[in-house]
Amino acid sequence: MAAVWYDTAVDGTVSDVLGATRKTGWMRGWERAGKRLPIDYTGPGFGGRAHRVRSPGHDLARPFEALRQIRAGEFRGVRWDYGDKHPVTVGGRFREVDTLAEALVLWVQHLAADVVTPMSLPMPGSSLLYELDNRTIRTFAHEVYLGTSAGNGLNVRSGILTPSLSVITTEIILRTHVHGLAYGATGSAGLDEREQAPAQRAAPRSPFTDRCRVGREDTGADDHSR
């Protein structure tokens, strides 16, 4: 329960910080620069709160397809109707981009403006799952990202950024505590080999490691190196 509360608290804090970032002038500038891109098409079959998982343009695992669409000024996606797969191409309403470098900048700006929103971005590879000819997997990919309300599904913020920060903050707390104890006892925050050795000896060993050690002793492997 404590771990769940901790992760939820961290995710809420991260969401608030990103939400505040969204209101800054430079982020609003990036949002305007990324407008009118084909990857943001929300026509029939591609709209709604979870529209970012329904096409490759917002998928961090599919940069080449996203950049191709931006350069060509053409949206490409897959729509499902009662189990039938229909490729969809929409062009003529988006501006084309001349160079790959410009397309890359626009894509990064667009994703940065989206990642600070409550829905963030879908987990990498989610759009590939949505395109599979398996309704169970498609529904799973869609519902997991959609969540029960905006932002509480599995996305880049809650699935990658928040857990990473949780691990980092836990590591900082533990190391600060250990080095603080060392400083209080010795006047130095450093840990020499003698101070680290008891912790290493106290660390649990796996049965596999013990069996390997016994095997080496029985065969004399530790005494007869070639």
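That block above? That's the structure.
Here, residues in each chain are numbered from 1, in the same order as that chain's written sequence. Side-chain atom pairs in this predicted model are given and counted only at pLDDT of 80 or more, local residue features only at pLDDT of at least 70, and totals for whole chains, interfaces and linings cover all residues. Hydrogens and water molecules were not included; the side-chain quantities draw on all heavy atoms of the structure.

(A) Spotlight on the overall build of the protein chain. Tallying secondary structure elements over the protein chain gives nine helices and two strands in all. Reading the protein chain from its N end, one meets helices and strands in the order α-α-α-β-β-α-α-α-α-α-α. The buried label goes to any residue with under 20% of its type's maximum accessible area, the exposed label to any with over 50%, and the partly exposed label to all in between, with areas taken from a 1.4 Å probe on protein chains only. Considering the protein chain as a whole, with its 226 residues, one finds that 33% of them fall into the buried category. In this description, contact between two residues means that some pair of their heavy atoms is separated by no more than 4.5 Å. Partitioning the contacts of the protein chain with sequence separation of at least 6, the portion at a separation of at least 24 is 66%. Approximately 14100 Å² of the protein chain is accessible, and the part contributed by carbon and sulfur atoms is 60%. Labels follow the DSSP assignment, with helices taken as runs of H or I lasting at least four residues and strands as runs of E lasting at least two, numbered in each case from the N terminus. Here the accessible surface of atoms and residues is derived via Shrake-Rupley with a 1.4 Å probe, and residues count as covered only by protein chains that are part of the display.

(B) Quick look at the environment of A141. Its place among the elements puts A141 in helix α6 (residues 135–146). Assessed through its relative accessible area of 6%, A141 is described here as buried. Counting along the chain gives 88 residues from A141 to V53, while the straight-line C-alpha distance between them is 7.8 Å. Beyond its immediate chain neighbours, meaning those up to four positions away, A141 contacts V53, S126, L129 and Y130.

(C) A look at the packing of aromatic side chains. Classification of ring pairs rests on two measures: the distance between centres of Phe, Tyr or Trp rings, Trp counted by its six-membered ring, which must be within 6.5 Å, and the angle between planes, read as stacked under 30 degrees, edge-to-face over 60 and tilted in between. Counted according to the given criterion, the structure contains three aromatic pairs. Ring geometry for Y41 against F46: centres 6.0 Å apart, planes inclined by 55°, an arrangement best described as tilted. Judged by its relative accessible area of 0%, F46 is buried. Here the aromatic rings of F46 and F75 are separated by 5.0 Å at their centres, their planes lie at 75°, and the arrangement is edge-to-face. With a gap of 29 residues between them, F46 in the loop between α2 (25–33) and α3 (63–72) and F75 in strand β1 (residues 74–81) connect regions that are remote in the sequence.

(D) Layout of the environment of P87. Topologically, P87 is positioned in strand β2 (residues 84–91). A relative accessible area of 71% means that P87 is categorised as exposed.

(E) A look at the side chain of S120. You can see S120 is positioned in the loop between α4 (100–115) and α5 (126–130). Residue S120 is classed as buried on the basis of its relative accessible area of 0%. If we skip the residues at most four places from it in the chain, S120 touches R52, D114, V115, Y145, N155, V156 and R157.

(F) Examining the environment of G91 more closely. Turning to its location among the elements, G91 is positioned in strand β2. Given a relative accessible area of 45%, G91 falls into the partly exposed group. Residues G91 and P38 lie 53 residues apart in sequence; the distance between their C-alpha atoms is 7.9 Å. The contacts of G91, once residues within four sequence positions are left out, are G73 and E74.

(G) Just a nonpolar patch on the surface, in detail. Here, patches come from residues exposed beyond 30% relative accessible area and free of salt bridges, joined within 9 Å for like charges and within 5 Å for nonpolar side chains (Val, Leu, Ile, Met, Phe, Trp, Tyr). The rule for a salt bridge is simple: a side-chain nitrogen of Lys or Arg has to be within 4 Å of a carboxyl oxygen of Asp or Glu. On the surface, L129, L132 and I137 cluster together to form a nonpolar patch covering roughly 200 Å² of accessible area. Residue position: I137 is located in helix α6. Among the residues examined, I137 registers a relative accessible area of 31% and is labelled partly exposed.

(H) Focus on the nonpolar core. Within this scheme, the nonpolar core is defined by two criteria: the residues are buried Ala, Val, Leu, Ile, Met, Phe, Trp, Tyr or Cys, and they are joined through side-chain atoms within 4.5 Å. Grouped together as the largest cluster of nonpolar side chains are twelve residues: L37, I39, A66, L67, I70, V97, A103, L106, W107, L111, L121 and V156. Among the elements of the structure, α3 and α4 are those that each provide at least two residues to this core. With four residues, the top contributor of residues to this core is α4. For A66, the residues in contact, after removing those within four places along its chain, are I39, P56, G57 and W107. Residues F46, F75, V88 and F94 belong to the second largest nonpolar core, which totals six residues.

Treat this as a map of the structure, not an account of what it does.
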